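This is what each chain is made of:
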Amino acid sequence: MTTDIAQVRADTRDRTPHPPPVRSRFGRVLRPGAGRQHHAGPLAYLLLGFAALVSLFPLYWTMVAASTDNTRVSQTPPPFLPGPNLFTNLAKAWQDAAMGRAMANSLIVAGVIALSTVFFATLAGFAFAKLRFRGRNLLLMLVIGTMLVPPQLGVVPLFMMMADLGWGQSLPSVIFPTLVSAVGVFFMRQYLKEALPDELIEAGRLDGAHSLRIFWSIVLPIARPPMAVLFMITFVHAWNDFFWPFIALDMTNPTVPVALTQLSAGYVRDQSVIMAGALLGTLPLLAMFLVFGRQIVGGIMQGAVKG
């Protein structure tokens, strides 16, 4: 009797329809429980809190140093609480370093560089990832190879080139050499190679769309998450760049990092005013991240999911 019951249960299991396997958007079969959310334990919260404190401490110390005077900053131990001179030092740094003009220049330079890098890197990444043409792998290796060349080696010929073009001591001399980056091309190529199905491109070809139409209507909507990430990374890098703008520009038309060097001129350096200038140069980046932080983090997470 027991054998008959076991046989009936086995036959029932065999006749029970099994659900179809769940696949990711890249065709990979997901294991049972792959979509479960894992809850963090106390140790994870402790480590994350410690990492957040370590990351925010330099910004906090900059604000503390900018709110005191030079004598108090130089004392041992240094102050760890904000002082009463924050707005006074901010006004002095704004006036001494001509921060208004510097911020406008940095906004123009960083904005144009970030937009052009995102556009050209996405266009080149799509070509290297999905288009078939002669010499594709060789050109890709050449693009990646430029990442191995230190930028300091090209300073002298680049400066001579900008002078011959008549762009010396002007913003175009800072913008045009960095309109696209090899890192951005490789980043977009890797993303589109995985996230852009070949079937969509073939469907566009069947509908009579050319490559630019496919890029505008199919590639750009899919590439929005990495484009947002690349824009933010490029904007921050261009905003904080000091080496080439310091060589290409003068003190009458500086960017923010170049303008901050005026605060350290003289025999006696006012560290509190220098910190106030650094805080002023950081505020636009903080404002951008507060406004677009959710979209940027969402783009990073969406680009990190591989199925």
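Refer to the structure presented above.
Below is a summary of the structure that appears in this document.

Calculation criteria
Throughout this document, residue positions are counted from 1 along each chain, in the order its sequence is written. Local features in a predicted model are, by the rule used here, given only for residues with pLDDT of at least 70; side-chain atom pairs are given and counted only at 80 or more, and totals for whole chains, interfaces and linings are based on all residues. As a rule here, side-chain values cover all heavy atoms of the structure and leave hydrogens and water aside. Counted as salt bridges are all cases of a side-chain nitrogen of Lys or Arg within 4 Å of a carboxyl oxygen of Asp or Glu. Helix and strand definitions here come from DSSP, where helices need a minimum of 4 consecutive H or I residues and strands a minimum of 2 consecutive E residues; each element is numbered from the N-terminal end. Relative accessible area decides the class of each residue, using a 1.4 Å probe on protein chains only: under 20% of the type maximum gives buried, over 50% gives exposed, and in between gives partly exposed. Any pair of residues with heavy atoms lying within 4.5 Å of one another is described as a contacting pair. We call two N or O atoms a polar contact when they sit within 3.5 Å, provided that within protein one can donate a hydrogen and the other can accept it, with sequence-adjacent residues counted only if both atoms are side-chain atoms. Definition used in this section: a nonpolar core is a set of buried Ala, Val, Leu, Ile, Met, Phe, Trp, Tyr and Cys residues joined via side-chain atoms within 4.5 Å.

**Considering the pattern of salt bridges**
Phase 1: All told, the structure shown has 2 salt bridges when counted by the stated rule.
Phase 2: Between K92 and D96 there is a salt bridge; the shortest N-O distance is 2.7 Å. Here the residue K92 and the residue D96 both occupy positions in helix α4 (residues 86-96), the gap between them amounting to 4 residues, near one helical turn.
Phase 3: Residue D96 is classed as partly exposed on the basis of its relative accessible area of 35%.
Phase 4: With its nearest N and O atoms 2.9 Å apart, the salt bridge here joins K130 to D198. Of this pair, K130 sits in helix α5 (residues 99-130) while D198 sits in helix α10 (residues 198-206), and the two are 68 residues apart along the sequence.
Phase 5: Classification of K130 by relative accessible area gives buried; the value is 14%.

**Comments concerning the environment of V256**
Phase 1: One can find V256 in helix α14 (residues 256-260).
Phase 2: Residue V256 is classed as buried on the basis of its relative accessible area of 2%.
Phase 3: Separated by 156 residues in sequence, V256 and G100 have C-alpha atoms that sit 9.1 Å apart.
Phase 4: When near neighbours in sequence (up to four residues on either side) are disregarded, V256 contacts M99, A102, M103, S106, W239 and G281.

**Side note on the side chain of T68**
Phase 1: Positionally, T68 belongs in the loop between α2 (42-66) and α3 (70-73).
Phase 2: For T68, a relative accessible area of 6% translates into the label buried.
Phase 3: From its side chain, T68 meets the backbone oxygen of A65 in a polar contact 3.3 Å long.
Phase 4: Residues within four places of T68 in sequence aside, it is in contact with V73, P79, G83, N85, N89 and S272.

**A word on unusual backbone geometry**
Phase 1: Unusually for a residue other than glycine, A98 sits at a positive phi of about 50°.
Phase 2: Considering the arrangement of structural elements, one finds A98 in the loop between α4 and α5.
Phase 3: Overall, the relative accessible area of 38% leaves A98 in the partly exposed class.
Phase 4: One non-glycine residue, Q169, lies in positive phi territory at about 60°.
Phase 5: The residue Q169 is located in the loop between α7 (155-164) and α8 (172-175) in this model.
Phase 6: Residue Q169 is classed as partly exposed on the basis of its relative accessible area, which comes to 34%.

**Observations regarding the environment of T234**
Phase 1: One can find T234 in helix α12 (residues 224-240).
Phase 2: Between the alpha carbons of T234 and I113 there is a distance of 7.4 Å; along the sequence they are 121 residues apart.
Phase 3: When neighbours within four sequence positions are excluded, T234 is seen to be in contact with I113, A114 and T117.

**Comments concerning the nonpolar core**
Generally speaking, nonpolar side chains in soluble globular proteins are found buried as a group.
Phase 1: Judged by nonpolar contacts, the single largest core of 33 residues is most densely connected at M99 and F235.
Phase 2: Elements with a contribution of two residues or more to this core: α4, α5, α7, α8, α12, α13 (243-248), α14 and α15 (271-304).
Phase 3: Counting residues per element, this core draws most heavily on α5, which supplies 7 residues.
Phase 4: Among all residues touching M99, those that are not within four sequence positions of it are A93, W94, V256, A259, L260, G277, L280 and G281.

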